[in-house]
Amino acid sequence: MHVILIGCGIAGAALSLTLQKAGISHLVLEQASELSEVGAGLQQSPNSIRVLEYLGLKDELARIGVPPAAHLFKDYKTGEVYLKTPLMPKVKEFFGAPYYHVHRADLLDIMVKAMDPENVRLNCKVVDVKENDDGVEVHLSDGTVEKGDVLIGSDGLHSMVREKFFAPEKPRPSGCVAWRGLVPVDVAQKLGFERNSYVWMGPHRSAVLYYVCGGDLFNWVGIGPYNDNAKESWSQTGSRDAALNEYDGWNEQIRELIAGTESLFMTNMIDREPLDRWVTDRVALMGDAAHAMMPYHAQGAGQSIEDAWVLGRSLEMAESDIPAALKKYENLRLDRANRVLLQSRAAENLFHMSDPEEVSRRNARFARHQQEDQDGFPVGQRWLYSYDAEKAVMGTDDEWRELSW
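The numbering scheme is per chain: residues are counted from 1 as the chain's sequence reads. Thresholds applied to this predicted model are a pLDDT of at least 70 for local features of residues and 80 or more for the giving and counting of side-chain atom pairs; totals over whole chains, interfaces and linings are not thresholded and use all residues. Side-chain metrics in this entry use all non-hydrogen atoms of the structure; hydrogen atoms and water are not considered.

Some thoughts on the overall build of the protein chain
In step 1: Each helix corresponds to a stretch of at least 4 residues labelled H or I by DSSP, and each strand to a stretch of at least 2 residues labelled E; elements are numbered beginning at the N terminus. A tally of regular secondary structure across the protein chain gives 16 helices and 18 strands.
In step 2: In summary, the protein chain has a C-alpha radius of gyration of 21 Å against a globular reference of 22 Å for 405 residues, a match within 12%.
In step 3: Principal-axis analysis of the C-alpha atoms places the extent of the protein chain at approximately 65 × 45 × 40 Å.
In step 4: Relative to all contacts within the protein chain whose residues are 6 or more apart in sequence, the contacts with residues 24 or more apart total 75%.
In step 5: Total accessible area on the protein chain stands at roughly 16,900 Å², and carbon and sulfur atoms take up 46% of it.
In step 6: Positive: Lys, Arg. Negative: Asp, Glu. His and the chain ends are not part of the count. By convention, the point assigned to a charge is CZ for Arg, NZ for Lys, CD for Glu and CG for Asp. Side chains of the protein chain carry 43 positive and 60 negative charges; the gap between the two charge centres is 3 Å. In this description the radius of gyration comes from C-alpha coordinates, and the expected globular size is given by 2.2 Å times residues to the power 0.38. Between two residues, a contact is recorded if the distance between any of their heavy atoms is within 4.5 Å. Using the Shrake-Rupley algorithm and a 1.4 Å probe, accessible areas are obtained, with residue cover drawn only from the displayed protein chains.

In structure tokens, the structure reads:
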């Protein structure tokens, strides 16, 4: 079996490592000239960390990651904590794997360093993809054609593979833009930010904050109404004055954080409609190509990493029956990832409520959770964090399947 992957972001790298571990021949085609990531922080919960540890990255994750003590949901103006849920070390004790904040570039870097460079080819612009009875073809801009037995679209939100084989529709504009920045640790500490995951909620806006890069930098992302100047780019710079204007009336802790940020960036936020199929006999989607989602539940990268393990292990276990392997992968992954996609989209309203009565009901619900949730973990977190991709592949995840969200 020879597998061809298009795209070497976090999804493609995770699948390459899974296939490498299984001894399956594969080639990753990446159009960039170097393997690097832009963007900012990622929250990696036990469901994805568990897979990364299966892939041998445990020590490197501990080096680059920051273990937060808690999730804090706060009022945008007063800073009052409406809900506090535990993270480290309790989350590791309860779910069997840690929770880390990492920088996206750091995560991709440790993954790429663990990959066999013979399995990756850079500067490869794909111009066409084909499937036939006995294999797949990938046509490159230089005129070469790569042939294999399986084609995996790990080619992100604007996936050519998705467009060609599944759904030729445009991504969905969310109506929101993300402002983001990184500040040195001393700036964040002077403002009183501890090693937690913070979610500040206000009318039509929210802000998520946490430490990354082993604790050397503090990452913040503010999401608010769409700005005509925002493009779908993680490298587009933004104005500090404009960001401060967007967060006028917010707690001074947030405003001083924005004011202390040297370089700001802004990104138009988009996601994808859920699909009802991800596979053909020899082609499969994974990661953002299959289920690009909003960031409110911090699961975009995590779901991609889950995909990688389930897909790679399904191919390994099915041996020569490729259609059966891909169908098994789809059956195990599609419903879960689509549910996370839709829940992430719905969470925008939870974070951005403006009607006083709605806000009051939300905060009362938070208060009930604080009192009633067993061991401090809401049902949604239990459903997300308890998932074990290896147990899913082996069919031994009955305990997780009894949970609901």
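Topic: the packing of aromatic side chains
In step 1: Any pair of Phe, Tyr and Trp rings, taking the six-membered ring for Trp, is counted once the centres come within 6.5 Å. Such a pair is stacked with planes under 30 degrees apart, edge-to-face with planes over 60 apart, and tilted for the rest. Evaluated as defined, the whole model comprises 19 aromatic pairs.
In step 2: For the ring pair Y54 and W309, a centre distance of 5.1 Å and an interplane angle of 40 degrees mean the geometry is tilted. Placement of the pair is Y54 in helix α2 (residues 46–54) and W309 in helix α11 (residues 300–318), with a sequence separation of 255 residues.
In step 3: Three labels apply to residues, based on accessible area from a 1.4 Å probe with only protein chains included: buried if under 20% of the type maximum, exposed if over 50%, partly exposed otherwise in between. Judged by its relative accessible area of 4%, W309 falls in the buried class.
In step 4: Ring plane angle 45 degrees and centroid distance 5.7 Å describe the contact between W278 and Y329, whose orientation is recorded as tilted. Linking W278 in the loop between β17 (264–271) and β18 (283–285) with Y329 in helix α12 (residues 322–352), this pair joins segments that are 51 residues apart in sequence.
In step 5: Using a relative accessible area of 0% as the deciding quantity, one classes Y329 as buried.
In step 6: A network of ring pairs unites the aromatic residues F94, F95, Y99, F377 and Y385 as a single cluster.
In step 7: In this structure, K164 is placed above the aromatic ring of F165, and the distance from its NZ or CZ to the ring centre is 5.8 Å.
In step 8: Here the guanidinium or amino end of R336 rests over the ring plane of W383, the centre of that ring lying 4.8 Å away. Over a ring means this: the NZ of a Lys or the CZ of an Arg is within 6 Å of the ring centre and within 35 degrees of the ring normal.

Remarks on the sheet that holds strand β5 (residues 81–86)
In step 1: The rule for pairing is simple: two strands pair if DSSP sees at least two bridges between them. Spatially, β5-β4-β13-β14-β15-β12-β17-β16 is the arrangement adopted by the eight strands of the open sheet, whose pairing is mixed. For this open sheet the edge positions go to β5 and β16 (237–238), each flanked by a neighbour on one side alone.
In step 2: When strand β13 (residues 197–202) meets strand β14 (residues 205–212), the two strands line up antiparallel, connected through five bridges. From the neighbouring strand, V199 faces β14, where its bridge partner is V208.
In step 3: Sitting on the sheet, helix α9 (residues 252–259) is in contact with β4 (70–75), β12 (172–184), β13, β14, β15 (217–225) and β17, with an inclination near 110 degrees to β15. Axes, fitted as lines to C-alpha atoms, cover a helix only where it is in contact. Angles between the N-to-C directions of the axes lie from 0 to 180 degrees.

Comments concerning the layout of surface pockets
In step 1: Definitions used for this entry: grid spacing 1 Å over protein atoms alone; cavity, a set of points where a 1.4 Å probe fits but cannot get out; pocket, an open set with protein on both sides within 12 Å along at least 5 of 7 lines; lining residue, one with an atom within 4 Å of a point. Grid points are joined across faces, edges and corners, and a volume is the space filled by probe spheres set on the points. Approximately 310 Å³ is the volume found for the second largest pocket.
In step 2: In terms of lining residues, the second largest pocket is bounded by 13 residues, among which S386, K391, E399, W400 and L403 are the most central.
In step 3: At the level of elements, α4 (90–95) and α16 (398–401) are the ones that each hand at least two residues to the lining of the second largest pocket.
In step 4: With three residues, α16 is the single largest residue contributor to the lining of the second largest pocket.

Let's talk about empty space enclosed by the protein
In step 1: Overall, the coordinates contain one cavity of 30 Å³ or more when judged by the stated rule.
In step 2: In terms of lining residues, the largest cavity is bounded by A207, L209, W220, G222, Y247, I254, L257 and I258.
In step 3: Here the element with the most residues in the lining of the largest cavity is α9; it accounts for three residues.
In step 4: Three classes are used, and their members are as follows: Ala, Val, Leu, Ile, Met, Phe, Trp, Tyr, Cys and Pro are nonpolar, Asp, Glu, Lys and Arg are charged, and the others, Gly among them, are polar. Residues of the lining of the largest cavity, tallied by class, amount to seven nonpolar, one polar and no charged.

Examining α9
In step 1: Within α9, the full set of buried residues consists of Q253, I254, R255, L257 and I258.
In step 2: Measuring from the side-chain oxygen of the N-cap residue of α9 to the backbone nitrogen of Q253 gives 2.8 Å; that N-cap residue is N251. Here a polar contact is taken to be a pair of N or O atoms separated by no more than 3.5 Å, where protein atoms must pair a possible hydrogen donor with a possible acceptor and residues adjacent in sequence count only if both atoms sit in side chains.

Here's the deal with unusual backbone geometry
In step 1: With an omega dihedral of 0 degrees, the bond running from M88 to P89 counts as a cis peptide bond.
In step 2: Tracing the backbone through its elements, the reader meets P89 in the loop between β5 and α4.
In step 3: The phi angle at N123 is positive, at roughly 55 degrees, despite the residue not being glycine.
In step 4: Mapping N123 onto the fold places it in the loop between β7 (120–121) and β8 (126–132).
In step 5: N123 gets classed as exposed once you look at its relative accessible area, which sits at 57%.

With respect to the nonpolar core
In step 1: Counting 86 residues, the largest nonpolar core has L107, M111, V138, L151, I152, W278 and L315 as its most contacted members.
In step 2: Per-element tally for this core: the top contributor is α12, with nine residues.
In step 3: If we skip the residues at most four places from it in the chain, I152 touches V3, I4, L5, I6, L15, A284, M286 and L311.
In step 4: To form a nonpolar core, buried Ala, Val, Leu, Ile, Met, Phe, Trp, Tyr and Cys residues must be joined to one another through side-chain atoms within 4.5 Å. Listed in part, the 26 residues of the second largest apolar core include A70, L72, W220 and Y247.

Side note on the environment of A13
In step 1: Looking at the element boundaries, A13 is found in helix α1 (residues 10–22).
In step 2: It is 6.4 Å that separates the C-alpha atoms of A13 and M111, two residues lying 98 residues apart in sequence.
In step 3: The residues contacting A13, other than those within four sequence positions of it, are C8, L108, M111 and M115.

A closer look at the pairing of β14
In step 1: Of all eight residues that make up β14, eight are buried, and the element is covered over most of its length.
In step 2: Judged by which residues are buried, β14 turns out to be covered on both faces: R205, A207, L209 and Y211 on one side and S206, V208, Y210 and V212 on the other are all buried.
In step 3: Linking two consecutive strands that pair antiparallel, namely β13 and β14, is a turn of two residues; a positive phi of about 70 degrees is found at H204 within it.
In step 4: Direction of pairing for β14 relative to β15: antiparallel, over a ladder of seven bridges. Looking at the pairing, Y210 lines up with N219 of β15.
In step 5: Turn length for the β14-β15 hairpin, with the two strands adjacent in sequence and antiparallel, is four residues, and the turn residue C213 shows positive phi of about 55 degrees.

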